[in-house]
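The chain contents come next:
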Amino acid sequence: MLMRPRREVVAETAMEMLIRLCGISAILFVFGIFFFVFREGSGFLFHGFKIGEFFFSIEWYPTSQSHVRYGALALIAGTASVTVLAMLFAVPFGIGAAIFISEFCRPRAKETLKITIELLAAIPSVVWGFIGLTVMNSLIIRLFNAPIGLNVLNGGLILALMSVPIIVSIGEDALKAVPDSYREAALALGVTRWQMVYRVLLPAAKNGLLAAVLLGVGRAVGETMAVLMATGHAVKIPASLMDSVRTLTATIAAELGEAAVHSEHYQVLFIIGILLFSITFAVNLTADLIVRGVRHK
Amino acid sequence: MRTLRLKADSRFIRAAIILVLATILACLSLGCSGSKQPEKTVIQNTGSDTMVNLAQAWAEEYAKVEPTVSVEVSGGGSGTGIAALINGTVDIANCSRQLEQQEMDQAKKNTGKLPHEFTVGYDALAIYVHKANPLEEITLDQLAEIYGESGKFTKWSQLSVKMPGIADEIIRVSRQSNSGTYYYFREVILGKGRDFKLGSRDMHGSKDVVELVSKTPGAIGYSGMGYATSEVKTLRIAGKAGDKAFAPNVENTLNHSYPIARPLFMYTLGEPAGEVKKYLGWVYSETGQRIVTQSGYVPLPKTGARPL
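In every chain, residue numbers begin from 1 and rise along the written sequence. To read the labels, note that chains go from A and ligands from 1, taken in the order they are written. For this predicted model, a pLDDT threshold of at least 70 governs which residues receive local features, and a threshold of 80 or more governs which side-chain atom pairs are given and counted, while totals over whole chains, interfaces and linings are taken from all residues.

Secondary structure elements are taken from DSSP: a helix is a run of H or I of four residues or more, a strand is a run of E of two residues or more, and numbering for both begins at the N terminus. For chain B, the count of helices and strands is 10 helices and 12 strands. Put simply, of all contacts in chain B between residues at least 6 apart along the chain, 73% involve residues at least 24 apart. Note on contacts: residues are paired as contacts if their backbone-placed C-beta atoms lie within 7 Å.

Counting residues at the interface gives 33 residues for chain A, matched by 27 residues for chain B. Mapped onto the side of chain A that touches chain B, the elements with two or more residues apiece are helix H5 (125–144), helix H6 (152–176), helix H11 (248–255) and helix H12 (264–296) of chain A. The class makeup of the residues in the side of chain A that touches chain B is 14 nonpolar, 12 polar and seven charged. Gly counts as polar in this scheme, as do all residues outside two lists: the nonpolar Ala, Val, Leu, Ile, Met, Phe, Trp, Tyr, Cys and Pro, and the charged Asp, Glu, Lys and Arg.

On to the nonpolar core, then. Formed by 149 residues in total, the largest nonpolar core has its most connected members in Leu159 and Ile167 of chain A together with Leu85 and Val213 of chain B. Contact partners of leucine 85 of chain B, with chain neighbours within four places excluded, come to Val90, Ala93, Ala107, Pro115, Tyr267 and Leu269 of chain B. Only buried Ala, Val, Leu, Ile, Met, Phe, Trp, Tyr and Cys residues enter a nonpolar core, and they are joined through C-beta atoms within 7 Å. Three exposure classes are used, all based on how many other C-beta atoms lie within 10 Å of a residue's own C-beta (placed from the backbone): buried at 20 or more, exposed at 12 or fewer, and partly exposed between those limits.

Right, let's talk about the sheet that holds strand S8 (residues 201–203) of chain B for a bit. Residues and elements named next belong to chain B. Across the sheet, which stays open at both edges, the five strands sit in the order S8-S7-S9-S5-S10 with mixed pairing between neighbours. Since the sheet does not close on itself, it has two edges, and those belong to S8 and strand S10 (232–234), each with one partner. Adjacent strand axes in the sheet meet at a mean angle of 30°, parallel and antiparallel pairs treated alike. Being paired, for any two strands, means DSSP has found at least two bridges between them. Where strand S5 (residues 126–130) and S10 come together, three bridges link them in antiparallel fashion. Pairing of histidine 130 across the sheet is with valine 232, part of S10. Of the strands in this sheet, S5, strand S7 (171–175), S8, strand S9 (219–223) and S10 are in contact with helix H7 (residues 206–215), which crosses S9 at around 160°. For helices, the fitted axis covers only the stretch in contact; all axes are lines through C-alpha atoms, and the angles between them, taken along N-to-C directions, range from 0 to 180 degrees.

Residue and element names in this part refer to chain B. By the criterion of burial, S9 is predominantly enclosed, with five of the five residues buried. Covered by surrounding structure in S9 are Ala219, Gly221 and Ser223 together with Ile220 and Tyr222, the residues of both alternating faces. The pairing of S5 with S9 spans four bridges and is classified as antiparallel. By the bridge assignment for S9, tyrosine 128 is matched with glycine 221. Sheet analysis places S7 next to S9, joined by three bridges and oriented parallel. Its bridge partner lying in S9, isoleucine 171 is registered against alanine 219.

Here the focus is the confidence of the model for chain A. One rule of thumb: low pLDDT means the predicted coordinates there are not for detailed reading. The pLDDT value tells you how sure the predictor is about a given residue, anywhere from 0 up to 100. When pLDDT is averaged across chain A, the result is 90; 98% of the residues are at 70 or more. The spread of mean pLDDT over the elements of chain A runs between H12 of chain A, the lowest at 86, and helix H3 (residues 73–104) of chain A, the highest at 95.

Residue and element names in this part refer to chain A. Across the interface, H3 lies against H6 with an axial gap of 6 Å and an inter-helix angle of 35°. As for the relative orientation of H3 and H6, their crossing is right-handed in sense. Classifying every residue of the contact of H3 with H6 by side-chain character gives 20 nonpolar, seven polar and three charged. The hand of a helix crossing depends on one turn: near helix anticlockwise from the far one by less than a right angle means left-handed, and clockwise means right-handed.

Residue and element names in this part refer to chain B. Sheet architecture is open: five strands sit in the order S2-S1-S3-S12-S4, paired in mixed fashion. If you trace the sheet from one side to the other, it starts and ends with strand S2 (69–76) and strand S4 (115–124), each paired once. Pairs of neighbouring strands in the sheet enclose a mean axial angle of 20°, with direction left out of account. As paired strands, strand S1 (residues 41–47) and strand S3 (residues 92–95) are joined by three bridges and run parallel to one another. Note that in S3 the partner of asparagine 45 across the bridge is isoleucine 92. Those strands touched by helix H9 (residues 274–284) are S1, S2, S3, S4 and strand S12 (261–269), and its axis lies near 60° from that of S1.

Moving on, we get to the environment of glycine 165 of chain B. If you trace the backbone, glycine 165 of chain B turns up in the loop between helix H5 (140–147) and S7. According to the C-beta neighbour criterion, glycine 165 of chain B is exposed, with 11 such atoms within 10 Å.

Next up on the list: helix H4 (residues 107–121) of chain A. Across its 15 residues, H4 of chain A extends 21 Å between first and last C-alpha, which sits within 8% of the 21 Å expected from 1.5 Å per residue. Counting buried residues along H4 of chain A, only one of its 15 residues qualify, which leaves the element largely exposed. Expected span of a helix, by definition, is 1.5 Å for each gap between consecutive residues, and there is one gap fewer than residues.

So, about the environment of threonine 119 of chain B. Residues and elements named next belong to chain B. On the secondary structure map, threonine 119 appears in strand S4. Owing to 14 C-beta atoms within 10 Å, threonine 119 belongs among the partly exposed residues under this scheme. Residue contacts for threonine 119: discarding those within four places in its chain leaves Pro263 and Phe265.

Listed below in structure tokens is the structure:
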């Protein structure tokens, strides 16, 4: 039997350990972050935190001199409204683009499109926010004759543009994962290309497409800087697309720097963090379970 | 889906490599610059967004006077400066409102030193509206009714202002809640204990307020007088209805006729010493006070006593 040099065996084991550590570290980080966020918020969460007020009151007065109130309903409504609006724009657009790139595009154009879309994903969120604040603001005022252009519509459009690349890139992967035999069989039966997409590919790839949408939702919920700049940052339940709102993430970004460490206000911001963490965790977990469903089939 | 995994992996590896290279580069460059100029004294100066341009102008001018001292200025709001003071991580905190007793106590408890207060200039808190707004003056009561919780003014027509176009809604532009200007406005205009009306657009900087007002026909906002531009209009302020209204300028600030003028403060932990003391002394000098004027604020009266 051929013996390998001892040095090589040791080096290989060491390398394997190192890589294993890298793999496990991701889990450690996620739990570490959750533990930290929870610990910072937990003191107040269990002593004196009014959960009813938090979820059902719109009165957010964290630094009031007379009567401090932590009602996050308007913030939750703000996050929900921009996210839903963003998805209304981004889902048809993103899935449509994914279908075009995957099924109808020539190979040359396909590469160009994919690179361009990845470039779209690489634009920093503060740049998007700046576009919202300057370009979109005056555009919305002029087009809709609105009193102010920093509103749900502005934030929703910016977020839609930011989540489209994710939806396109994962959606396209999902369509590509459908075996070619499906396409061949469908075409052999004499269907048109559109019928093939509509009746064969979409049902076959539906889990992957759903996962793409959910990851887009996760992106939209978690986005901070762009919505901070584009939504107007006003504590208000929106009654129309032209109303300014404030999101959960933007509130943390705007107020955490100033809140004295371990004060009630600071801990409430961490409780908002726990809420956000739970939302994105649920969304990502659902997406992951759905993707798993795809693989087992 | 396998392709997705592969793509993610290679992207991850590339990101990791870039990260490692960047870290090495950063370490190298830090090491180099550190060894070149070891004897530079650094004064950390943080706080008020109203004062950040002024503090920056001071720091730049002082670098010419005293090249061995570097004053590092950052903004973030008075609350940020106060928090840094309480944590003992800053040499001078800029503040557009006075420290509260509780904050004094906290700083004393945390660092063992009591904050010292220095008035370095004045600001006439200006009320800004869009250029197209025909309004010229406003009273403190009207401001309180516009901004205060349960205040009754929400439309320009209620102030008998006829806005061109449809922008009759008053778009309130305010500041984030750690801002010294926000505190000052709440205390002086809304009155102790009263809160802001919800739904104002809370901007993160003095400049952002003026910027948004300049782009929004129906807007009203408050910010330091140093941020005035030709794109917006500043209102004259009257104490009560029927009183004479005054414009926010140097003269009206110094003779106390502008009702919402306020001092600008710098705070140090304990009695200032060494380079910090020298810097504050320079801020009080003729050059230092001239920069206050150049930044758009009001310098201390020429004859007044100087603490340093």
